[in-house]
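So the chains spell out like this:
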There are 2 protein chains.
Amino acid sequence: MSDRREFHDLVSPETAHEAIASLDLAPEPESVPLSDARGRTLAERVDADIDVPGFDRASMDGYAVRARDTFGADEADPVELDRIGAVHAGETPTVTVEHGTCAEISTGAVMPDGADAVVMVERTDEVGDGTTDTTTIAIRTAVAPGDHVMTAGADVAAGARALGPGTRLTAREIGLLSALGVDRVPVRGKPTVGIVSTGDELVRPGEPLDPTRGEIYDVNSTTIAAGVAEAGGEPILYPHAGDDYDEMERLLRRAADECDLVCSSGSTSASAVDVIYRVIEERGDLLVHGVAVKPGKPMLIGRLDRADGGESAYVGLPGYPVSALTIFRTFVAPAIRRAAGRPEPPTATIEGRMALRERYGEGRLRLMPVGVLAAAEPSDGDADDPSDEPEAAPLVYPVDKGSGATTSLVEADGIVAVDPDTEYLDSGERVTVQLFSPDVRPPTLLGVGEDDPALNRLLDRLDNPRYLPVGSREGFRRLRDGVPDVAVTAGPLAREVEHVELGGWTREWGLVVPAGNPANVDGLADLIDRDLRFVNRPTDSGLRRSLDDSLDELAGDRDVARRSLTETIDGYGLTVRAFESPVRRVLAGDADVGLGLRATASRLGAAFVPLGEQRVVVRAAPDRAERDAVQELGTTLTDIDDIVRGLAGYST
Amino acid sequence: MSDRREFHDLVSPETAHEAIASLDLAPEPESVPLSDARGRTLAERVDADIDVPGFDRASMDGYAVRARDTFGADEADPVELDRIGAVHAGETPTVTVEHGTCAEISTGAVMPDGADAVVMVERTDEVGDGTTDTTTIAIRTAVAPGDHVMTAGADVAAGARALGPGTRLTAREIGLLSALGVDRVPVRGKPTVGIVSTGDELVRPGEPLDPTRGEIYDVNSTTIAAGVAEAGGEPILYPHAGDDYDEMERLLRRAADECDLVCSSGSTSASAVDVIYRVIEERGDLLVHGVAVKPGKPMLIGRLDRADGGESAYVGLPGYPVSALTIFRTFVAPAIRRAAGRPEPPTATIEGRMALRERYGEGRLRLMPVGVLAAAEPSDGDADDPSDEPEAAPLVYPVDKGSGATTSLVEADGIVAVDPDTEYLDSGERVTVQLFSPDVRPPTLLGVGEDDPALNRLLDRLDNPRYLPVGSREGFRRLRDGVPDVAVTAGPLAREVEHVELGGWTREWGLVVPAGNPANVDGLADLIDRDLRFVNRPTDSGLRRSLDDSLDELAGDRDVARRSLTETIDGYGLTVRAFESPVRRVLAGDADVGLGLRATASRLGAAFVPLGEQRVVVRAAPDRAERDAVQELGTTLTDIDDIVRGLAGYST
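Residues numbered from 1 in each chain as written. Chains lettered and ligands numbered in written order. Predicted model: local features only at pLDDT ≥ 70, side-chain atom pairs only at ≥ 80, totals over all residues. Heavy atoms only, no water.

As annotated in an unreviewed UniProt entry, chain A is Molybdopterin molybdochelatase from Halorubrum vacuolatum.

Here it is as structure tokens:
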């Protein structure tokens, strides 16, 4: 680790932005078929090559006439003209309208020679006795030259400016280009972004994983690839480089040759970082190493030489997924958007207010990942009314305190930039959130608390909820602090918090053992009195709370302190995260007994020793009880019989 | 035309919405590779199949220890442990940490057996004299069990709910799915929408066009196809059916068999409508024919039977491009979005204020196409601040009074729904605009007036301007009425309007004749005194105004009224739309002389007879002069020498 670089020369975020702006990411413009042009950006002005329409065109069904022939005609005193033929859309006229004659014409048809106006069919009658070949038409209105005629070029004239450079092509621009007969369009190229991931431990999703070797799935490559595509770039994933210098150098150089920008994300291995340094210093130019932001300090910005003498841009992102996405979104995506000619949509930024006070004061820019709770209900168009009270602004709360957890990716909706000299953000303070993606849709309901299989199914019935399974005790604490709408608790609670009860159910809990109960576990006493390996839930969990209450009872029966019992349980302190986790450990042979639910044991094929039932209760914060999303949850809770019936040991 | 249907039974817009909602457009869910999942919507809940991480993982570089061994250690009194080996990321540990020992470990590596905590490398020192094989590590801090260790499943536990059904997949969700090793994702299917266009006169863009037959390019098929894709559907364009009954029936039935929804757009031919009626009535079910909206009265909603016994939805759209897009956006796109599980993004709707008073009062819902002028400048995140003054709301003005022009497609940004009982919308009144597409970016500058080649190039240098070439006189009138930011005028003006002059240039105008000037045209008198076919510009044009002034002068010289001169000019009343149009008519042999610019003659290879110079002036409305976009235009105008140099007869 002696070669490890230190980030002594941190540059300011502004300098980092400038460094990226100084790199040329923009590819050559390209020509694409009109059918593929939607969403692209015009590279140059498009002028009309043709007149639209290309001919004088009837804009009504009726009769093509010489306007002069109709002068003086009215309902009382129609003019009669001889019908000399008909012109339909898509036909070349074969008649010439002379004085005293007319031709039947349909909308869209070419005006025949001689005619300069159209009389609507509704203002005409066929007359005549059928004895002659010639039909006579009574014209009951006068028309002026040009009436109901669209002259050639009246819509678009050849030579006119149709669309300017930089125009984003949506349905309507595609329509105008179609009218001009354009079938290939000059558009800004999509910057190609090569994504190189390093680290022996990374495995691509879909490939087998060996956790005993410490392998994990590669999160950053796919996340950044999706971010590149969102910003209008073309991501190219390069195979894993491992930590081999030659292989990594080969890959970086290949990516530089093939791409406008090369991104790598921070390897956990020091040697990988060293390789990147060496390659850039030998075959490129390192502009920035280290930026005074949190997170993102180890960001690299530079250039890589190409075999053809040109150069590619290079950005090195931090390794934690939320940090990588934060730095990508803040520094890299805007540069890709500029190169692609695709400005950031207004939805990428929203205004909100802090749900609680957040201290800071580290003296450098903090890009704080935040969750957003849409305060106003989605509406049919009134949502953006600027006359809304500021209180209707979405609630914003910090998430991910640098844990590196991938779940933070979906618990955070975006970033609040906190100035270096900010000491704290006050509760209620207005903040601007840069959403991770313009398509991010902040949840309309925020729930916290116990994890439970019935709850998982219930959540499926709601529109865009967010639920953080932090456990009953922590959920209750957060409900008190005012961020979530609802908390779900299981089992006994140490104290009360004001709330509105929305509903709930009862679940059976106990000890989960392998199928057939090979150790003949009979109850709680076996954990204490026999040599069994146990696996527990954390203290925030409602299951743990009920277990501890039962242990208290047993301790009372035996007239000892609970602690003297728990000390004898091998694994009492070994806690795992979710309600299925202890059962899975038991089934994997890592433990003999786990704390769990009958429903889980039943689903995963384990045996179950019941210890009791506990109530799961959904509680709303009193000031949120009237929100539409909370009301919808309450209504959904009244009809969960089918969910409860499908889970062993559950009842309402 | 006797079979022509009348729309006697107009239903309400609400009924039309309900009829479409009653149709089943939703295809089966499908499974897509993760790399193709961005932008799609999850069809079902995704639970974690694996623990993340799948092993107890070091979250720092340092030494894996038994926490108990470090109790009491501090800077003054370190504990010394024997280093028994090292574990790197991606390796299976080969050591067991016993009492008194430690193992070097890197971030991300598997915790070796026996160790329950990591001491950061920064809090350790290597000690020892190098005389033994064993390295001793001084630990300068105490750690607790679990410190700097992420336990297996601590990020995501197997069995936990990861993402709910209906989740839109953006970069961050792709990241979480990657962490779970998911490489195929169950997503909502894309509704397939077959687009059938009818009419003998329609030609696909890119194919040759015969204007003498009245052929025009098909606008609606490509526009609606792009709209379908924007809404999350999969458009399928069917070949043109022409007006042949059997062919059209075959096509409609094939489209119904292959698609969830079939759309046709109003044919201009009555027989095509009849065919559609007949096919639906024989092989389907017509739910709605005619809706009480303007435009869109002739909208059809129904079902088409499929060969396999199922059915497809059918919607018939009006024929004018803006009407077709309006009805599609209002009635059809929301149904496609629902079926695709892709809710309308908030950008699809904006709030604005009427720029002028607009009368209505027709007693049915009006879907009024409008242009939008972004009033606030694009900002770096403050644009949506709800505390902005209402005066900052974008200006909204009606466009396209049913002209059927395709240019209206890009002059309108969206639709304002005007209630049947609304008599007028007042100037300044707040209105909600449904943008045609979420990606529509209303212009930041609205200009009107003369068309000019230098102006076209100038506009290329601005960010997202809109310019309506309505002519100098009409442009000046509109500037007075308060809608545009700037008007561009050429030549003399009849009266003054208060304005701020931003800049301008001078252009040479005159008579354009075929190359070599075969008729030896010498000046204006030739038009009057000789038998030449002339082609003029409209009275709103500045070119025309200068021509008429010269004719006035000539009439004065001859002591006659101008009218007596113009009556003798063959084609004085024949006016064409754009500055190139007369020249193109001359070059096509349709006229001997055209009114035009030296620059145009030079560009298109015609000869030119100069008549004078006229000044082109860019004028800003006084209340808009301080807007950023207007200031940018002013700055751009100070540096147009290169543009002017490139145009014959131009000077600044």
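### What to know about the overall build of chain A
Short version of the rule: To qualify as a helix, a DSSP run of H or I must reach at least 4 residues; to qualify as a strand, a run of E must reach at least 2; elements of each kind are numbered from the N terminus. Both definitions apply: the radius of gyration is a C-alpha atom measure, and the globule rule equals 2.2 Å times residues to the power 0.38. The classification of residues rests on relative accessible area computed with a 1.4 Å probe and restricted to protein chains. Under 20% of the type maximum is buried, over 50% is exposed, and intermediate values are partly exposed. We call two residues in contact when some of their heavy atoms are within 4.5 Å. In short, Shrake-Rupley with a 1.4 Å probe defines the accessible areas, and a residue's cover is counted only from the protein chains shown. Only four residue types enter the tally: Lys and Arg on the positive side, Asp and Glu on the negative side, with His and both chain ends excluded. Charge placement uses NZ in Lys and CZ in Arg. For Asp and Glu, CG and CD serve respectively.
Broken down by element type, chain A carries 16 helices and 36 strands. Taken over C-alpha atoms, the radius of gyration comes to 36 Å for chain A, far larger than the 26 Å a tight globule of 652 residues would show. Its C-alpha atoms give chain A principal-axis dimensions of about 120 × 65 × 50 Å. Among the 652 residues that make up chain A, the fraction classed as buried is 56%. By sequence separation, contacts in chain A at least 24 residues apart represent 73% of the contacts at least 6 residues apart. Accessible surface, chain A as shown: approximately 25,900 Å² in total, 45% of it carbon and sulfur. Of the side chains in chain A, 67 bear a positive and 115 a negative charge, and the two mean positions are spaced by 7 Å.

### Quick notes on the interface of chain B and chain A
How we decide: Accessible area, probed at 1.4 Å, shrinks when two parts are joined; the buried area is that loss added up over both. Any Lys or Arg side-chain nitrogen located within 4 Å of an Asp or Glu carboxyl oxygen qualifies as a salt bridge. Pairs of N or O atoms are called polar contacts if they sit within 3.5 Å, as long as, within protein, a hydrogen donor faces a hydrogen acceptor (for residues adjacent in sequence, only side-chain-to-side-chain pairs).
Residue-level contacts link 112 residues of chain B with 112 residues of chain A. Note on chain B versus chain A: buried area summed over both sides is about 8,800 Å², and carbon and sulfur give 55% of it. Where chain B packs against chain A, one counts eight salt bridges. Among the salt bridges present, the one from Asp413 of chain B reaches Arg172 of chain A, with a minimum N-O distance of 3.1 Å. Connecting chain B to chain A are 31 residue pairs in polar contact (both at pLDDT 80 or more). Sort the elements by how many residues they give to the side of chain B that touches chain A and helix H2 (residues 171–179) of chain B lands first, with eight residues.

### Some thoughts on the pattern of salt bridges
Residue and element names in this part refer to chain A. By the definition in use, this model includes 90 salt bridges over all chains. Where Glu247 meets Arg250, a salt bridge forms, and the shortest distance between an N and an O atom there is 3.4 Å. Highlighted residues: Glu247 and Arg250, both in helix H4 (residues 245–258), separated by three residues, approximately one helical turn. The class of Arg250 is partly exposed, set by a relative accessible area of 46%. With a shortest N-O distance of 2.8 Å, Glu474 and Arg477 are connected by a salt bridge. Taken as a pair, Glu474 and Arg477 lie in helix H9 (residues 472–481) at a separation of three residues, close to a single helical turn.

### Side note on the side chain of Asp526 of chain B
With respect to the helices and strands, the residue Asp526 of chain B is situated in helix H10 (residues 524–529). Given the relative accessible area of 14%, Asp526 of chain B is considered buried.

### Digging into the packing of aromatic side chains
Note the threshold: A pair of Phe, Tyr and Trp rings is counted when the ring centres sit within 6.5 Å of each other, with Trp represented by its six-membered ring. The angle between the planes then sorts it: under 30 degrees is stacked, over 60 is edge-to-face, the rest tilted. By the criterion adopted, a ring carries a charge over it if an Arg CZ or a Lys NZ lies within 6 Å of its centre and within 35 degrees of its normal.
Taken as a whole and judged by the stated rule, the model has zero aromatic pairs over all chains. Lying over the aromatic face of Tyr572 of chain A, Arg544 of chain A brings its terminal NZ or CZ to 4.6 Å of the ring centre.

### Details of the relation of the copies chain B and chain A
Short version of the rule: A least-squares superposition brings the copies together, and it is based on the C-alpha atoms of residues with pLDDT no lower than 70 in both.
For the pair chain B and chain A, the superposition axis carries a translation of 0.1 Å, the fit reaches an RMSD of 0.1 Å, and the rotation angle comes to 180°. The superposition of one copy onto the other is thereby described by a two-fold rotation axis. Comparing contact sets, 99% of the residues at the interface of chain B also lie at the interface in chain A, consistent with an isologous, same-surface contact.

### Notes on the sheet that holds strand E17 (residues 261–265) of chain B
Residues and elements named next belong to chain B. As a reminder, the rule being used: The criterion for strand pairing is that DSSP finds at least two bridges linking the strands in question. For helices, the fitted axis covers only the stretch in contact; all axes are lines through C-alpha atoms, and the angles between them, taken along N-to-C directions, range from 0 to 180 degrees.
Spatially, six strands are ordered E16-E13-E17-E21-E20-E18 in an open sheet, and the strand pairing comes out mixed. At either end of the open sheet lies a strand with only one pairing partner, and these are strand E16 (234–237) and strand E18 (284–289). Strand-to-strand twist of the sheet, defined as the mean angle between neighbouring strand axes without regard to direction, takes the value 20°. Of the strand pairs in this sheet, E18 and strand E20 (residues 300–305) are connected by five bridges, and their pairing is antiparallel. By the bridge assignment, Val288 is partnered in E20 with Ile301. Along the sheet, helix H6 (residues 321–340) makes contact with strand E13 (192–197), E17 and strand E21 (311–317), crossing E21 at roughly 155°.

### A look at the nonpolar core
As a reminder, the rule being used: Each nonpolar core is a collection of buried residues, namely Ala, Val, Leu, Ile, Met, Phe, Trp, Tyr and Cys, held together in the definition by side-chain atoms within 4.5 Å.
Val185 of chain A together with Leu261, Phe331, Val332 and Ile336 of chain B are the most contacted members of the largest nonpolar core, which has 88 residues in total. The element best represented in this core is H6 of chain B, accounting for 11 residues. Discounting chain neighbours no more than four positions away, the residues touching Val332 of chain B are Ile20, Leu261, Cys263, Val315, Leu317 and Ile327 of chain B. Grouped together as the second largest cluster of nonpolar side chains are 87 residues, Leu25, Ala231, Cys263 and Ala621 of chain A included.

### Examining the confidence of the model for chain A
Residue and element names in this part refer to chain A. Threshold: By definition, pLDDT measures how confident the predictor is in each residue, and it falls between 0 and 100.
Averaged over all residues, the pLDDT of chain A is 90; the fraction at 70 or higher stands at 93%. In this model, residues 1–6 is a region of pLDDT below 50 whose contacts with residues beyond four sequence positions or in other chains number eight contacts. In the model output, the complex is listed with pTM 0.89 alongside ipTM 0.89.

### Thoughts on the packing of helix H1 (residues 13–21) of chain A against helix H6 (residues 321–340) of chain A
Residue and element names in this part refer to chain A. What counts is decided by this rule: Relative orientations are named as follows: roughly parallel for angles under 35 degrees, roughly antiparallel for angles over 145 degrees, roughly perpendicular for angles from 65 to 115 degrees, and oblique for any other angle. The sense of a crossing depends on the near helix, which, turned anticlockwise from the far helix by less than a right angle, makes the crossing left-handed and, turned clockwise, makes it right-handed. Three residue categories are used. Nonpolar comprises Ala, Val, Leu, Ile, Met, Phe, Trp, Tyr, Cys and Pro, charged comprises Asp, Glu, Lys and Arg, and polar comprises the others, including Gly.
H6 packs onto H1 with a crossing angle of 30° between their chain directions and a minimal axis gap of 10 Å. As summarised for this structure, H1 and H6 are arranged roughly parallel, according to the angle between their axes. Here the hand of the crossing between H1 and H6 comes out right-handed. On H6, the residues touching Pro13, Ala16, His17, Ile20 and Ala21 of H1 are Thr330, Phe331, Val332, Ala335 and Arg338. Each residue belonging to the contact of H1 with H6 can be placed in one class, and the counts come to seven nonpolar, two polar and one charged.

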